[in-house]
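Working through the structure, step by step
If you want the building blocks of each chain, they are given just below.
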Amino acid sequence: QVQLVESGGGLVQAGGSLRLSCAASGPMFSRYDMGWYRQAPGKQRELVAGLTPGGSTKYADSVKGRFTISRDNAKNTVYLQMNSLKPEDTAVYYCNAEVVILQRYEYWGQGTQVTVSS
């Protein structure tokens, strides 16, 4: 069982920056695919950024060049550095962990609100 706790959300002006953190409890964190998703009001949850145990990353087109996902396996933590924020980045951001060990396991955090004012 893995528990994920996000932090770092808040209110920021357009053009500003925030860094989200997701602290994971439980074993084998380094083996998990980690991701950040977001969900804006009235919209579906979407992948923002993903990071494999080997270090491969993927980003939504809308955040490429502005957001960076990273992980610190020693701290069981994954980060999302968000720069040049836009009002359309406003959403609840969720941390996700996924691994396949005999079967697929997937876990979600409770979410953290990011609000970007224009």
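This section reports on the structure supplied with the text. (Residues numbered from 1 in each chain as written. Predicted model: local features only at pLDDT ≥ 70, side-chain atom pairs only at ≥ 80, totals over all residues. Heavy atoms only, no water.)

Secondary structure assignment for the protein chain yields zero helices and eleven strands. For 118 residues, the compact-globule formula gives about 13 Å, and the C-alpha radius of gyration of the protein chain, at 14 Å, lands near that figure. C-alpha extents for the protein chain along the principal axes are approximately 45 × 25 × 25 Å. Across the 118 residues of the protein chain, 40% fall into the buried class. Within the protein chain, residue pairs in contact and separated by at least 24 positions form 54% of the contacts whose partners lie at least 6 positions apart. As presented, the protein chain carries roughly 6,300 Å² of accessible surface, and 48% of it is formed by carbon and sulfur atoms. Of the charged side chains in the protein chain, 12 are positive and 9 negative, and the gap between their average positions amounts to 2 Å. (Helix = DSSP H or I, 4+ residues; strand = E, 2+ residues; numbered from the N terminus. Rg over C-alpha atoms; globule rule 2.2 N^0.38 Å. Buried < 20%, exposed > 50% of the residue type's maximum accessible area, 1.4 Å probe, protein only. Contact = heavy atoms within 4.5 Å. Areas by Shrake-Rupley, 256 points an atom, 1.4 Å probe, with all protein chains shown as cover. Lys, Arg positive; Asp, Glu negative; His and termini not counted. Charge placed at Lys NZ, Arg CZ, Asp CG, Glu CD.)

Moving on: the nonpolar core. In terms of nonpolar packing, the biggest core is built from 31 residues, with Leu4, Trp36, Leu80, Met82 and Tyr93 touching the most fellow members. Put simply, the parts of the chain that give this core at least two residues each are β3 (18–25), β4 (33–39), β5 (46–51), β7 (67–72), β8 (77–82), β9 (91–101) and β11 (112–117). Per element, the largest residue contribution to this core is five residues, and it comes from β9. (Core = buried A, V, L, I, M, F, W, Y, C linked by side-chain atoms within 4.5 Å.)

A few words now on the packing of aromatic side chains. Tallied over the full model, the rule gives two aromatic pairs. Aromatic pair Tyr32 and Tyr107: ring centres 6.3 Å apart, planes at 50°, arrangement tilted. With Tyr32 in the loop between β3 and β4 and Tyr107 in strand β10 (residues 103–108), this pair connects stretches of sequence that are 75 residues apart. On the accessibility criterion, Tyr32 (5% relative accessible area) is buried. Pairing Tyr37 with Trp108 gives two aromatic rings, centres 4.9 Å apart and planes at 65°, and the pair type is edge-to-face. Here the residue Tyr37 occupies a position in strand β4, and Trp108 occupies one in strand β10, the gap between them amounting to 71 residues. Taking the relative accessible area as the measure of exposure, Trp108 reaches 35% and is therefore partly exposed. Against the face of Tyr94 rests Arg45, its NZ or CZ located 3.7 Å from the ring centre. (Phe/Tyr/Trp six-rings, centres within 6.5 Å; stacked < 30°, edge-to-face > 60°. Lys NZ or Arg CZ within 6 Å of the ring centre and 35° of its normal.)

Right, let's talk about the sheet that holds β3 for a bit. In space, the four strands of this open sheet follow the order β1-β3-β8-β7, with antiparallel pairing throughout. The sheet terminates laterally at β1 (3–7) and β7, the two strands that pair on one side only. Averaged over all neighbouring strand pairs, the angle between strand axes comes to 15°, with direction disregarded. (Pairing = 2+ DSSP bridges. Axes fitted to C-alpha atoms, helices over the stretch in contact; angles between N-to-C directions.)

Inspection of the secondary structure puts Asp89 in the loop between β8 and β9. By relative accessible area, Asp89 is classed as buried at 1%. In terms of polar contacts, Asp89 uses its side chain to reach the backbone amide nitrogen of Lys86, at 2.8 Å. The contact partners of Asp89, leaving out residues within four places of it in the chain, are Arg38, Arg66, Phe67, Ser84, Val114 and Val116. (Polar contact = N/O pair within 3.5 Å; in protein donor to acceptor, adjacent residues only side chain to side chain.)

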